[in-house]
Amino acid sequence: MKQLVLVMVLLAVACVGWAQAKTDKWLEQLIRQQASPFLKDILNQPDTFHYQLIYTKIDRDKKNKPHFTNYFFRVNRNEYFNPASMVKLPTALLALEKINTLSSYGVNKYTTMITDSAYRRQTKVRYDSSAANYLPSVAHYVKKIFLVSDNDAYNRLYEFVGQQRLNERLWQMGYRDTRITRRFVAMNEDENRHTNPIRFVQGDSVLYAQLPAFSPVPFNFKKKIAIGRAHYNRNDSLINAPFDFTTHNNFPLEDMQQVLQAALFPDAVPAEKRFQLQPDDYRFLHRYMSQLPSESDYPRYDTTEFFDSYTKFFMFKAWRSKIPPYIRVFNKTGWSYGFLTDVAYIVDFKNKVEFMLSGNIYVNSDGVLNDDKYEYEQTGYPFFKEVGNIIYQYELGRKRKHVPDLSAFQFDYSN
């Protein structure tokens, strides 16, 4: 009996330790030593801002093979934050992975994709006025996801991949705490489990028809997640109770960093964490992860709204900062409910600098969710700008044994 009690105590201690945030003192000290009073104020209020940061140092060997070292600051996969548009990253990758399984039908990522409807609240797509040929495709949806984080593009790829495949494939890859349960449109849990019939066509010929699907995949919603002191519901009524995120999407920051690393450096992650993509898929992804809205003809964007740093939080989005021509950011961002997230690979081709930086913050001082009153501009984007610049300045000054050859990440964005 005493042995059983001892085992239970040890398990309890282990669980508490596991639940605590991971922090590397070196990274914390680096950021605090360079931090402005504004940033120090945020860092001193972790229970208010719930920030998490991962700095990934990249060192190349003599064969230019990259080696990665992660440093953490308050990283805790059990401290929930809403991932918002970050779920578009694995959805886009899995859509490209799935489209490759249809090659025997003559289907590829550029093939016209017609979405039909077969269940409540489902909608159809037959044309896409933002495409050069006015036709929707997996490639064009992926492009829009990375250029401006387009919600409809995500919804269509969610429907193509299917809720079941999305989650079971990510769990198979080791991302057991990640779940993608919903589109970005008003639907209930049942409606999100149902996905649309889809046809891939060439002219009048149907190359492949995907039937409507229902996802029976089980989710663990035992842990209740309530945030804030009040919220507005779908009818714009104020509810004096926390917002319930229990059944929402979940995507821990460590998982995000690993997924982006797998997309950028597939050979540098374990085999089970690699997406089944072709070399052309990676080039396609890398181009649109880093292309700026002003460089896109299809879609053509109003750059007063979709300015160049629109989705580049680290270093640039605050005050619409100009991105130097010799720097490219390969990333995905998310923002919703007061949560901001950016997972990025930043390259300076002039100074031969590369690093990854991942982070999130919660900026909602009134504690009310769904009121569209969040301190993104005043607090969130300046936080990302300053942290990004601190790490960038450190990278500019650190010695490297081997100068990296970064040519694989250089693109001609004019064609």
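Parameters and conventions
- Residues numbered from 1 in each chain as written.
- Predicted model: local features only at pLDDT ≥ 70, side-chain atom pairs only at ≥ 80, totals over all residues.
- Heavy atoms only, no water.
- Pairing = 2+ DSSP bridges.
- Helix = DSSP H or I, 4+ residues; strand = E, 2+ residues; numbered from the N terminus.
- Phe/Tyr/Trp six-rings, centres within 6.5 Å; stacked < 30°, edge-to-face > 60°.
- Buried < 20%, exposed > 50% of the residue type's maximum accessible area, 1.4 Å probe, protein only.
- Lys NZ or Arg CZ within 6 Å of the ring centre and 35° of its normal.
- pLDDT = per-residue confidence, 0-100.
- Contact = heavy atoms within 4.5 Å.
- Core = buried A, V, L, I, M, F, W, Y, C linked by side-chain atoms within 4.5 Å.

Here we come to the sheet that holds strand 15 (residues 368-369). Ordered by their spatial adjacency, three strands build an open sheet running 10-9-15, and the pairing between neighbours is mixed. With partners counted over all chains shown, the strands left at the sheet margins are strand 10 (238-239) and strand 15, one partner each. Sheet topology note: the strand 9 (residues 230-232)/strand 15 ladder contains two bridges and is parallel. Within the sheet, the bridge partner assigned to Ala 230 lies in strand 15 and is Val 368.

Applying the stated criterion to the full structure yields 40 aromatic pairs. Ring geometry for Phe 68 and Phe 265: centres 5.1 Å apart, planes at 65°, overall edge-to-face. Placement of the pair is Phe 68 in strand 2 (residues 66-73) and Phe 265 in the loop between helix 10 (253-264) and helix 11 (279-290), with a sequence separation of 197 residues. On the accessibility criterion, Phe 68 (22% relative accessible area) is partly exposed. Since its relative accessible area comes to 7%, Phe 265 is described here as buried. Their ring planes at 80° and their centres at 5.0 Å tell us that Phe 306 and Tyr 310 sit as a pair that is edge-to-face. Residues Phe 306 and Tyr 310 agree in their burial class; the two are buried. Stacked on the ring of Phe 72, the Lys or Arg Lys 22 has its end atom at 4.2 Å from the ring centre. When the ring centre of Tyr 51 is taken as reference, the NZ or CZ atom of Arg 74 above it lies at 5.3 Å.

Moving on, we get to the confidence of the model for the protein. Mean pLDDT for the protein: 95, with 95% of residues reaching 70 or above. Of the regions scoring below 50 in pLDDT, residues 1-18 engages in two contacts with residues more than four places distant in sequence or in other chains.

Counting 112 residues, the largest nonpolar core has Val 138, Phe 160 and Tyr 345 as its most contacted members. Top contributing element to this core by residue count: helix 13 (residues 376-397), with eight residues. Once you skip the residues sitting within four places of it in the chain, Val 138 turns out to touch Ala 95, Leu 96, Ile 99, Lys 109, Met 113, Leu 157, Phe 160 and Phe 200. Residues Leu 147, Val 148, Phe 307 and Tyr 310 belong to the second largest nonpolar core, which totals six residues.

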